[in-house]
Amino acid sequence: LSLTGIATIPIMVGTLILGTSLAALLFPRNTIETTNSIGHVMAAMMLGLPAFGFYYVAQRAFFAFEDAKTPFYLQLVNTGVAAAVAVAAMLLPVDYRAVGVGLGQALSNVVGAVIALVWLGRRVDGLQMAASVRTLVRVTVASLIAAAPTFLVFFAAQQLLRGRAT
C-alpha cells in the first residue's frame, strides 16, 4: 500500500493542478471549453486514484487466497456507489453533471478501498497499517508542499499567455 500511495498521491495532486493543461496537451484540437471540461472531469476522477490503487491491491490479495467471491462483492459495492452518484448527478446543472459522475467514481473507489481493506484485515487477522499510514501522510504533505510552487508557476504562465492572447 505504501508503494501504491507513493506512486499515486503525487500524480493525483499534479493532475489536480495541471488537469486542464494535460487535457490541452492530449487533445490539442479541442476548443478551450471542451478542454476545460475534460480537465475538470479528469481532476474529479483523480481524487480517487490512490483509493483505486489500494482497492486494486486488496483485490489481488483476495485472489492470492483463491477467493474470487469477495472481489465480486466488492465490485458490486463499488459499482453500486458509482451508479447511485451518477444517477444523483442528473440533479446537478447540466454543466456539472460529468464532474459529478467523475466525483462519484472517485467516491466509489474510496468506499471500495475502505471496505476491501477492512475485509482483508479480518481475513488476515489484522493489517499492520501504521507504517503505511505514516508513509502516506508524508507523501501527501510532500506532494502538497511541491504543489504550492507548481501552482504559482502554472498560474503565472496562464496569466502571461492570456496577456499575449489579448
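Here, every reference points to the structure presented above.
Caption draft 1: Main features of the packing of aromatic side chains. Counted according to the given criterion, the structure contains 3 aromatic pairs. Here F72 and Y73 contribute two aromatic rings whose centre-to-centre distance is 5.6 Å and whose plane-to-plane angle is 65°, an arrangement assigned as edge-to-face. Considering the side-chain rings of F151 and F155, the 6.2 Å spacing of their centres and the 20° angle between planes classify their relative orientation as stacked. Remark: F155 and F151 occur in helix α6 (residues 130–165); sequence separation between them is 4 residues, near one turn of the helix. On the accessibility criterion, F151 (43% relative accessible area) is partly exposed. Here the basic side chain of R60 rests over the ring of Y56, its NZ or CZ set 4.0 Å away from the ring centre.

Caption draft 2: Region of the structure containing the layout of surface pockets. Taken as a whole, the largest pocket spans an internal volume of roughly 460 Å³. Taken together, 21 residues line the largest pocket, and the ones lying closest to its centre are T20, I32, N36, Q158 and R162. Where the lining of the largest pocket is concerned, the elements lending two or more residues are α1 (2–26), α2 (32–46) and α6. Of the residues assigned to the lining of the largest pocket, the class counts are 10 nonpolar, 10 polar and 1 charged. Considering only enclosed or pocket space, the second largest pocket measures out at about 150 Å³ in volume. As for the second largest pocket, its lining consists of E33, N36, S37, H40, V41, D95, Y96, A98 and V99. Mapped by element, the contributors of at least two residues to the lining of the second largest pocket are α2 and α5 (97–123). At 5 residues, α2 tops the list of elements feeding residues into the lining of the second largest pocket.

Caption draft 3: View of the pattern of salt bridges. Applying the stated criterion to the full structure yields 1 salt bridge. Put simply, R123 and D67 hold a salt bridge, and the shortest N to O gap is 3.1 Å. With R123 in helix α5 and D67 in the loop between α3 (49–64) and α4 (69–88), the pair connects residues that are 56 residues apart, well separated along the chain. Assessed through its relative accessible area of 37%, R123 is described here as partly exposed.

Caption draft 4: Local environment of unusual backbone geometry. Of note in this structure, E66 is not a glycine but carries a positive phi near 60°. Tracing the backbone through its elements, the reader meets E66 in the loop between α3 and α4. For D125, which is not glycine, the phi torsion reads 60° and is therefore positive. If you trace the backbone, D125 turns up in the loop between α5 and α6. Take D125: its relative accessible area is 75%, and that puts it in the exposed class.

Caption draft 5: The arrangement of α2 in detail. When the terminal C-alpha atoms of α2 are compared, their 21 Å separation across 15 residues agrees well with the 21 Å that a helix rising 1.5 Å per residue should span. Of all the positions in α2, only T35, G39, A43, A44 and M46 are classed as buried. End-on, the buried residues of α2 take up no more than an arc of 170°, which puts them together on one face. Looking at the packing, one finds that the buried side of α2 touches α1, α3 and α5.

Rules behind the numbers
- Residues numbered from 1 in each chain as written.
- Predicted model: local features only at pLDDT ≥ 70, side-chain atom pairs only at ≥ 80, totals over all residues.
- Heavy atoms only, no water.
- Phe/Tyr/Trp six-rings, centres within 6.5 Å; stacked < 30°, edge-to-face > 60°.
- Helix = DSSP H or I, 4+ residues; strand = E, 2+ residues; numbered from the N terminus.
- Buried < 20%, exposed > 50% of the residue type's maximum accessible area, 1.4 Å probe, protein only.
- Lys NZ or Arg CZ within 6 Å of the ring centre and 35° of its normal.
- 1 Å grid on protein atoms, 1.4 Å probe; cavity = no way out; pocket = protein on both sides within 12 Å on 5 of 7 lines; lining within 4 Å.
- Points joined across faces, edges and corners; volume = space filled by probe spheres on them.
- Nonpolar A, V, L, I, M, F, W, Y, C, P; charged D, E, K, R; others polar.
- Salt bridge = Lys/Arg side-chain N within 4 Å of Asp/Glu carboxyl O.
- Expected span 1.5 Å × (residues − 1).
- Arc of directions from axis to C-beta.
- Contact = heavy atoms within 4.5 Å.

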